[in-house]
Amino acid sequence: MTKLFNNLWSGIALGTLIPVLSFLGIYIWFTNTLTLQEYLSKLTYSNVATNVYIWSMIPTFILASVLYYKKWDYGLKGLIIPTFFYIFAIVIINF
């Protein structure tokens, strides 16, 4: 199990997939009738898109704390790379 999660590429894969999956989970949880495109346009119209994007990043931070606790440093390095890109994109979207 250590070799599976303690390498750079699995960290990059987890860091890329977890925010997307958690965003889709938020979409499924909070809407029953809207399509994804309607949901995104409603988010941007009501100015809560940034909040939803930040909430979709929270599972990544939880995983980062687990990887840090387990001392799986290579997996943590891989997780941080896409997380920085997502945070940078959120900052760019706001300005």
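Residues numbered from 1 in each chain as written. Predicted model: local features only at pLDDT ≥ 70, side-chain atom pairs only at ≥ 80, totals over all residues. Heavy atoms only, no water.

## Description of the layout of surface pockets
Where empty space is left in the structure can be found by rolling a water-sized probe over the atoms.
Then, number 1: Approximately 200 Å³ is the volume attributed to the largest pocket.
Then, number 2: Contributing to the lining of the largest pocket are Pro 19, Val 20, Phe 23, Tyr 53, Ser 56, Met 57, Tyr 86, Ala 89, Ile 90 and Ile 93.
Then, number 3: Contributing elements (two or more residues each) for the lining of the largest pocket: helix H2 (8-30), helix H4 (49-70) and helix H5 (73-94).
Then, number 4: Residues of the lining of the largest pocket, tallied by class, amount to 9 nonpolar, 1 polar and no charged. (1 Å grid on protein atoms, 1.4 Å probe; cavity = no way out; pocket = protein on both sides within 12 Å on 5 of 7 lines; lining within 4 Å. Points joined across faces, edges and corners; volume = space filled by probe spheres on them. Helix = DSSP H or I, 4+ residues; strand = E, 2+ residues; numbered from the N terminus. Nonpolar A, V, L, I, M, F, W, Y, C, P; charged D, E, K, R; others polar.)

## A few points about the confidence of the model for the protein chain
Then, number 1: When pLDDT is averaged along the protein chain, the result is 91; 98% of the residues meet or exceed 70.
Then, number 2: Mean pLDDT across the elements of the protein chain bottoms out in helix H1 (residues 2-5) (76) and peaks in H2 (94). (pLDDT = per-residue confidence, 0-100.)

## Quick notes on the packing of helix H3 (residues 36-45) against H4
Then, number 1: Taken N-terminus to C-terminus, the directions of H3 and H4 make an angle of 115°; their axes are 7 Å apart at the nearest point. Together, Tyr 39, Leu 40, Leu 43 and Thr 44 of H3 and Ala 49, Val 52 and Tyr 53 of H4 make up the contact between the two elements.
Then, number 2: Residues that form the contact of H3 with H4 fall into these classes: 6 nonpolar, 1 polar and no charged. (Axes fitted to C-alpha atoms, helices over the stretch in contact; angles between N-to-C directions. Contact = heavy atoms within 4.5 Å.)

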